[in-house]
Amino acid sequence: MSDVSRRGFLQSAAVVAASGGVVPAIAKATSGTNKRGPLVISSANGLRATEKAASMIRGGADTLDAVIAGVNIVEEDPDDMSVGYGGLPNEDGVVELDSCCMHGPTADAGAVASLRNIKTPSKVARLVMRRTDHVLIVGEGALRFARAHGFEETNLLTDKARRVWLKWKERHSDRDDWIAPANEVDPKKQADSLAGHPQTYGTITCCALNEKSEISGVTTTSGLSYKIPGRVGDSPIIGAGLFVDNEVGACGSTGRGEAVIKICGSHTVVEAMRHGMDPEAACLHALKRMANHTKLPRLLKKNGKPAFDVKFYAISKDGKFGGAAIWSGAKFSVYSDGENRLEDAAFLYERGA
Ligand code: GLY
């Protein structure tokens, strides 16, 4: 892109932001520039992942192996109900996992979707990348591929996740044959018993940059809770839930996958960085496009704003980082300049607006 057209792109992005109610670089949000050592960014549930990945990169590990080892901690954690083992199941009570990864130095990618019985879909995604000529393998084929590589099969539905799913199953309709316990038929008690268990899109994404300017990323999830079996979100879709370009930077997403897929979210963020935006501005730019592309009344609040949330987390090749969400209050994990911490994400709209 010439300097003139690049300037035009940046100006038009600024105009979009100013005219559409975007509040870039919100006072409390934190973006920054890493000056030394590894830079690793992740979703708020990824503080252990950023720490692990940074320590492996400091020890000389490849950036992709480092971020995958980082998210493996969360995939194997039964207490995180949005990822891997212990994730919330589909509407039939079966856990189905999605993941993809990208390795910047080789510009290669791998992914699996609707994978059952394997705790660490990110490792299977890496094997699709390294040991096949394909990018994405789904369902039964993905499980057979994992089996062929010796992965151990496990029932991924923990008792805790099963009980939450059963609660959802017994209460989501009064027009089927599933009945909640008698002491909860009072609508008020029923509402209370469901509080804290809404449908969720939780996910972990993690991207890293080393001192050789190599970049990799991974995204992994159990996807939308209580989904229709076989539903695939953004997390295993290259360009949606993750995109890495070793010449530019990387971005991953969490939140409503359907909205991310429809705007090729992570690719949109990386392309905005390619054209000169810093990571936080690029994340806000993609979120604004998403808000503008949300037209269906069932996805909008009364005031016309999206009735869901999405978050992007981005790093650039020159060591900048930033995260942004549609709604205020989000955080992200970052390891930069030797410090591992949670930071406030920028946002389009103040929660409650
Ligand atoms: N972002 C995760 C999903 O929608 O499945």
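Since the model is a prediction, treat every value here as computed from it, not as a measurement.

(A) Quick look at the packing of helix α3 (residues 63-75) against helix α4 (residues 121-131). Packing of α3 against α4 leaves a shortest axis separation of 8 Å and a crossing angle of 150 degrees. Between α3 and α4, the crossing angle belongs to the class labelled roughly antiparallel. Contacts from Leu64, Asp65, Ile68, Val71, Asn72 and Glu75 in α3 reach Pro121, Ser122, Lys123, Arg126, Met129 and Arg130 in α4. In terms of residue class, the contact of α3 with α4 is made up of 5 nonpolar, 2 polar and 5 charged.

(B) Geometry of the sheet that holds strand β3 (residues 97-103). With mixed pairing, the 8 strands of this open sheet are ordered in space as β5-β4-β3-β7-β6-β2-β12-β13. The sheet is open, and its two borders are formed by β5 (136-138) and β13 (339-344), each paired with just one other strand. In this sheet, adjacent strand axes meet at a mean angle of 10 degrees when their direction is disregarded. Alignment of strand β2 (residues 39-43) against strand β12 (residues 331-336), held across 4 bridges, turns out to be antiparallel. Paired with Ile41 across the bridge in β12 is Val334. Contacts from α3 reach β3, β6 (204-209) and β7 (215-221) within the one sheet, and its direction differs from that of β7 by about 20 degrees. Each of β3, β4 (108-115), β5 and β7 is contacted by α4, which is oriented at about 135 degrees to β4, the strand it contacts most.

(C) Focus on the nonpolar core. Counting 50 residues, the largest nonpolar core has Val269, Leu287, Met290, Val310, Phe312, Ile315 and Ile326 as its most contacted members. Counting residues per element, this core draws most heavily on helix α10 (residues 279-292), at 7 residues. Not counting residues within four places of it along the chain, the set of residues in contact with Met290 comprises Ala259, Val260, Ile263, Phe308, Val310, Phe312 and Ile326. Counting residues in each nonpolar core, the second largest holds 20 residues, with Leu64, Ile68, Val71 and Ala125 among its members.

Conventions and cut-offs
- Residues numbered from 1 in each chain as written.
- Predicted model: local features only at pLDDT ≥ 70, side-chain atom pairs only at ≥ 80, totals over all residues.
- Heavy atoms only, no water.
- Axes fitted to C-alpha atoms, helices over the stretch in contact; angles between N-to-C directions.
- Helix = DSSP H or I, 4+ residues; strand = E, 2+ residues; numbered from the N terminus.
- Parallel < 35°, antiparallel > 145°, perpendicular 65-115°, else oblique.
- Contact = heavy atoms within 4.5 Å.
- Nonpolar A, V, L, I, M, F, W, Y, C, P; charged D, E, K, R; others polar.
- Pairing = 2+ DSSP bridges.
- Core = buried A, V, L, I, M, F, W, Y, C linked by side-chain atoms within 4.5 Å.
- Buried < 20%, exposed > 50% of the residue type's maximum accessible area, 1.4 Å probe, protein only.

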